Amino acid sequence: MPVGIFRVCLVVITAIVNHPLLFPKENGTVPENAEEIIQKMKEREESLRLEQLRLEQEIADQEATQKALEKAAEVVEESKEEKVRWDMWTALSMVIFLLIELWRQDFQEGNWQDTGGEEDDMAVLGKAFKGVTFPDKAVLAGFYEKRILGTTGDMARMREMVEGFADDLLEALRSVCNRDADMEVEDCMGVGSMYENWRVRKPFVCDLIVPFAPPEPYCFRSQTWCSGDSFPPDEQGYGTIKVCRAGEDVTGCICDKTKLGEDMLCLLHSEANTTRPSSEMEDLLCFKNTQYLDADQVMKWFQIAVTKAWNRISHKYEFDLSFSLLDSPGALKIKFRSGKSIAFNLTPVVQYENSDVYFISHFPRRGLAADLPSSTHWFLTFAVYERRFIQLVSKTLPANACHVSCLQILSFLHGKQCSLTGPSGLTNYHLKTVMLHLLQARPSQDWAPEKLEARLQDMLKFLEKCLHEKKLYHFFIGNGKVPAELGFPIIFQRAEPLNLFRPFVLHRDVYRKTVDTFHEMLRNMSALINEYTVHIPLAHTNGIHKESL
């Protein structure tokens, strides 16, 4: 702007100095061409006026541009301040959200297992029990004595017979396998209801798991859903098993984690440096073109190996052995010449690190259990720790404690109801999980034998609450109160609790069927129990009464 003003002043001064009337000639005479000079001066004046107008317009434009720049700067400054304020609110909101989430997890960890032990919660629950006649102590005791107590001896004899035959079969299996190329099979272990002494419904089926390992120089490297990597919700409770050479760093090269382009080559794992041909990995029961153990391949190998082993020892026994289920690798049935039969499951498993948690190739699936995400995903079973926990807690309970009796009665009632109205989403494993939660939540004296009726009602009300909320948490996963004597892996204690009823959220029709079956079981409970109750003759009771007098 000062430059423009200076230029205007310079033009004005020049015009004044050069004006002929201001400095006339000495003779004071007007030249002959005065009119021409005047005309030129007018033209000059007009051009100066136009130049002045142009300069003024230019100055105005500059002032407008300057104001626009100042206004833009103010807008940018305000936007920065607004952004800072917005960022502060966003950060504050995130902090509040994280604090709420941490509080929720802490509250959940401290209270999710204590629900069954609170009398106030039990008072609020039990809506489905309105109008239901619950059997008294005498009826429950008679039912237990007649229908359930007599099966204990049968289970013990069957366990002894099955375990002896399974040991002989596995020994023959090892003899028919190639020790340098085939999987190495270890001794079997008994798990489940038959070995926890609470199975009540026939036919009795023994569940035996058989750990196996790869031949040298290979080893298994396992990865679970809680090992750090993100797993989708439908893969929680599963893991993968990688077959590697001993001492090999499975995470040392990025070519296993990223997809290289067609023109990219890994110098460590190029075709020229490959030490594990595809056929060799398939011989190790891996999924095609991968190093991950394939459950379907394991099933085929185990069935073939068991068949060969039986052919070697069949001459020693006076019965036949066959596979009873096509989709289960070790569902076997012994058929005697008399027509009787014994069923048992011999299932291959892989040990998780140095613990008693096992990856199981095929788990007995019922109800809502979804199919495996893929044949390289293995389900984790904590059956060994469940059996140990029951044994550990039983040592602290009163003599003839009623915890197993409650589970047996509940399992019997549910099985009978399902035989009448069809299967539901509940399984015996869900019922056992309820018992485990209450065992940990309630004091030892609450499980005295005379409190059978009260504890059975607690289990039913706890199960009703879980069905209502569609939440029944796995007893071990996410449970920080597991006794240290069990030596349970800490990684599973620190994991997020696993909801066994999550499939109910996805399958509403099955959920409705399960709830209806549960309510129907409550209404039929007295009738089902009375059907198997020992009825003492009236004359006998009168005789006892007279003697007491």
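Everything below is about the structure shown above.
To start, this report covers the structure provided alongside it.

Conventions used here
- Residues numbered from 1 in each chain as written.
- Predicted model: local features only at pLDDT ≥ 70, side-chain atom pairs only at ≥ 80, totals over all residues.
- Heavy atoms only, no water.
- Core = buried A, V, L, I, M, F, W, Y, C linked by side-chain atoms within 4.5 Å.
- Buried < 20%, exposed > 50% of the residue type's maximum accessible area, 1.4 Å probe, protein only.
- Domains from an automatic or database assignment.
- Contact = heavy atoms within 4.5 Å.
- Axes fitted to C-alpha atoms, helices over the stretch in contact; angles between N-to-C directions.
- Helix = DSSP H or I, 4+ residues; strand = E, 2+ residues; numbered from the N terminus.
- Parallel < 35°, antiparallel > 145°, perpendicular 65-115°, else oblique.
- Left-handed = near helix turned anticlockwise from the far one by under 90°.
- Nonpolar A, V, L, I, M, F, W, Y, C, P; charged D, E, K, R; others polar.

## Points about the nonpolar core
1) Next: The biggest cluster of nonpolar side chains holds 112 residues, and the ones touching the most others in it are Leu169, Leu293, Phe344 and Leu346.
2) Next: Looking at this core, you find at least three residues from each of domain 1 (121-150 + 396-535) and domain 2 (151-247 + 279-381).
3) Next: For Leu169, the contacting residues outside a window of four places in its chain are Val306, Ala309, Trp310, Ile313, Leu321, Leu332 and Leu346.
4) Next: Membership of the second largest hydrophobic core comes to seven residues, among which are Ile209, Val349, Ile360 and Ala383.

## Some details on the packing of helix H9 (residues 383-394) against helix H11 (residues 428-441)
When two helices pack together, their arrangement is given by the angle between the helix axes and by the axis-to-axis distance.
1) Next: Packing of H9 against H11 brings their axes to within 11 Å, and their N-to-C directions diverge by 40°. Classed by the angle they form, the pair H9 and H11 counts as oblique. Considering the relative orientation of H9 and H11, their crossing is left-handed. Contacts from Glu386, Phe389, Ile390 and Val393 of H9 reach H11 at Tyr429, Lys432, Met435, Leu436, Leu439 and Gln440.
2) Next: Here the contact of H9 with H11 is composed, by residue class, of seven nonpolar, one polar and two charged.

## Things to note about unusual backbone geometry
1) Next: Residue Pro203 is bonded to the preceding Lys202 through a cis peptide linkage, with omega at 5°.
2) Next: Mapped onto the elements, Pro203 comes out in the loop between helix H6 (193-196) and strand S3 (205-213).
3) Next: Along the chain, Glu216 connects to Pro217 via a cis peptide bond; the corresponding omega equals 10°.
4) Next: Take Pro217: it is sitting in the loop between S3 and strand S4 (218-224).
5) Next: The backbone of Asn197 shows a phi angle near 65°, a positive value even though the residue is not glycine.
6) Next: On the secondary structure map, Asn197 appears in the loop between H6 and S3.
7) Next: One non-glycine residue, Asn400, adopts positive backbone phi at about 55°.
8) Next: Along the polypeptide, Asn400 turns up in the loop between H9 and helix H10 (403-421).

That is the geometry; function is a separate question.
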